[in-house]
Amino acid sequence: MKKIKKSSLMDYMGITFGTFLMAASLVLFLEPNTIAPGGVTGLAIVIQKISGIPIDVTNLAINIPLFIIGIITLGAAFGMKTVYGIFFLSFFIRILIIFLGKNINATEDLLLASIYGGVLMGIGLGFVFKSKATTGGTDLAGTILHKYIPNLSIAKLMMMIDLIIIATAGIVDKNIETSLYSIIALYVIVKVADFIVEGLNYAKAFQIITDYPEEISSEIISKLNRGVTALKGKGMYTGKEKDVLLCVVDRAQVSKLKEIVHNIDKKAFIMVSTIHEVLGEGFTEINK
């Protein structure tokens, strides 16, 4: 019970920190330069440009109905963490505007604003996603639309919504460059958010076809302290059955594993692929 409470507390701390960074990105870089990298926050920037309605107000005004529709349409899967994320994003936007002023702009260089705003937003989103939450927005809208348009995937629906918002930003600002810079910001956000969620702890999966499976497995287990799984395979050209060894190691062990295989069987056939996340014994603990 204590472990669950501690995990829940860490999640809410992650959401709080993430929404603060997202708010800083919007207030300091994106909104002052009308860079709208999709999402409800991007739409809020466009609306502020047209009507002057603050982005924190628009964020709440759009996300709250979306959240309610999501619960009605999809059930109560979107819990308190999403509500928490939605409200705290608007809260931090308002706080930063109060303390820094309405006309604050960290840089008027659109490229710098796109990159640094995108990095800050991506880090913030990454922390929110790692905390098993969202801040509403197009991911929620895409999920709702997918319920009624099952032929299009959620990712495609989200992309369509984001592209419409990005195009609208350029129209409102009467400058196509605004849309182009918004696309740069969106790209940076996605890449940085993925990096925060996945981290640098990627691993390498080896598939080894060899005539010496027992010897190679024994060396891997004893020298690398990694498990090995033997899969049954058959060479379709020779008709000969062979074991295919499957082993996952971290980056530091890649060259050592290649050396082990090479020393035992120089003719072994090796396939190596990058694994972005490994859960289980010897790697990341599975969070229930």
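Residues numbered from 1 in each chain as written. Predicted model: local features only at pLDDT ≥ 70, side-chain atom pairs only at ≥ 80, totals over all residues. Heavy atoms only, no water.

1. Here's the deal with a nonpolar patch on the surface
Next, step 1: Judged by side-chain polarity, Leu 111, Leu 112, Ile 115, Tyr 116, Val 119 and Ile 184 come together as a nonpolar surface patch covering roughly 460 Å² of accessible area.
Next, step 2: For the nonpolar patch, the element with the highest residue contribution is helix α5 (residues 110-130), accounting for five residues.
Next, step 3: Looking at the element boundaries, Ile 115 is found in helix α5.
Next, step 4: We classify Ile 115 as partly exposed; its relative accessible area is 33%. (Patch = residues over 30% accessible without salt bridge, like charges linked within 9 Å, V, L, I, M, F, W, Y side chains within 5 Å. Areas by Shrake-Rupley, 256 points an atom, 1.4 Å probe, with all protein chains shown as cover. Salt bridge = Lys/Arg side-chain N within 4 Å of Asp/Glu carboxyl O. Helix = DSSP H or I, 4+ residues; strand = E, 2+ residues; numbered from the N terminus. Buried < 20%, exposed > 50% of the residue type's maximum accessible area, 1.4 Å probe, protein only.)

2. Regarding the packing of helix α9 (residues 213-224) against helix α10 (residues 254-264)
Next, step 1: Here α9 crosses α10 at 145°, and the two axes come no closer than 10 Å. Here α9 and α10 pass one another in a crossing that is right-handed. Across the interface between the two elements, Glu 215, Ile 216, Glu 219, Ile 220, Lys 223 and Leu 224 of α9 pack against Lys 256, Leu 257, Ile 260, Val 261 and Ile 264 of α10.
Next, step 2: Among the residues making up the contact of α9 with α10, the classes are represented as seven nonpolar, no polar and four charged. (Axes fitted to C-alpha atoms, helices over the stretch in contact; angles between N-to-C directions. Left-handed = near helix turned anticlockwise from the far one by under 90°. Contact = heavy atoms within 4.5 Å. Nonpolar A, V, L, I, M, F, W, Y, C, P; charged D, E, K, R; others polar.)

3. Some thoughts on helix α2 (residues 39-51)
Next, step 1: Taking 1.5 Å per residue, 13 residues should reach 18 Å; α2 reaches 18 Å between its end C-alpha atoms and fits that length.
Next, step 2: Buried within α2 are the following residues: Gly 39, Val 40, Thr 41, Gly 42, Ala 44, Ile 45 and Val 46.
Next, step 3: Note on α2: the residue one or two positions beyond its end, Gly 52, has a positive phi of about 85°. (Expected span 1.5 Å × (residues − 1).)

4. Structural notes on the sheet that holds strand β3 (residues 241-250)
Next, step 1: Taking strand neighbours across the sheet as the criterion, the four strands line up as β2-β3-β1-β4 in an open arrangement whose pairing is antiparallel. In the strand order of this sheet, the two ends are held by β2 (229-234) and β4 (269-275), each with one partner. Pairs of neighbouring strands in the sheet enclose a mean axial angle of 25°, with direction left out of account.
Next, step 2: Along the sheet face, α9 touches β1 (203-209) and β3 and points at about 15° away from the line of β3.
Next, step 3: Its contacts with the sheet put α10 on β1, β3 and β4, and the angle it makes with β1 is roughly 10°. (Pairing = 2+ DSSP bridges.)

5. Observations concerning the UniProt feature "transmembrane region" (unreviewed entry) in the chain
Next, step 1: What UniProt calls "transmembrane region" (unreviewed entry) maps, in this numbering, to residues 12-30, 60-79, 86-104, 110-129, 149-172 and 178-197.
Next, step 2: For residues 12-30, helix accounts for 100% and strand for 0%, while the C-alpha atoms at its two ends are 25 Å apart.
Next, step 3: Along residues 178-197 one finds 100% helix and 0% strand; the C-alpha atoms at either end are 28 Å apart. (UniProt positions renumbered as here; feature names shortened; annotations may be inferred.)

6. So, the packing of α5 against helix α8 (residues 176-198)
Next, step 1: Close contact between α5 and α8 brings their axes to 7 Å; oriented N to C, the two are set at 35°. Crossing angle aside, the handedness with which α5 passes α8 is right-handed.
Next, step 2: Of the residues assigned to the contact of α5 with α8, the class counts are 18 nonpolar, four polar and one charged.

7. Overview of the packing of aromatic side chains
Next, step 1: Here the structure, examined in full by the defined rule, presents eight aromatic pairs.
Next, step 2: The interplanar angle of 25° and the centroid separation of 6.4 Å between the aromatic rings of Phe 29 and Tyr 116 together place this pair among those described as stacked. Within this pair, whereas Phe 29 is found in helix α1 (residues 2-30), its partner Tyr 116 is found in helix α5, the two being separated by 87 residues in sequence.
Next, step 3: By relative accessible area, which is 13% here, Phe 29 ends up buried.
Next, step 4: Joined through ring pairs, the aromatic side chains of Tyr 12, Phe 20, Tyr 84, Phe 88, Phe 91 and Phe 92 make up one cluster. (Phe/Tyr/Trp six-rings, centres within 6.5 Å; stacked < 30°, edge-to-face > 60°.)

8. As for the confidence of the model for the chain
Interpretation of the predicted coordinates at a detailed level should be avoided for regions scoring low in pLDDT.
Next, step 1: Scored by pLDDT, the chain comes out at a mean of 82, with 88% of its residues at no less than 70.
Next, step 2: Taking the mean pLDDT of every element in the chain, the minimum, 72, falls on helix α6 (residues 138-148) and the maximum, 92, on α9. (pLDDT = per-residue confidence, 0-100.)

9. Description of the pattern of salt bridges
Oppositely charged side chains can pair when the atoms bearing their charge come close.
Next, step 1: Enumeration according to the criterion identifies seven salt bridges in this entry.
Next, step 2: One salt bridge connects Lys 242 with Asp 211, and the closest N-O pair in it is separated by 3.3 Å. On the criterion of sequence distance, the pair formed by Lys 242 in strand β3 and Asp 211 in the loop between β1 and α9 is long-range, its members being 31 residues apart.
Next, step 3: Judged by relative accessible area, Lys 242 falls into the partly exposed class, the value being 30%.
Next, step 4: A salt bridge links Lys 223 to Glu 219, with the nearest nitrogen and oxygen atoms 2.8 Å apart. In this pair, Lys 223 and Glu 219 are both assigned in helix α9, four residues apart and thus about one turn of the helix distant.
Next, step 5: Through salt bridges with shared partners, a single ionic network connects Asp 211, Lys 240 and Lys 242.

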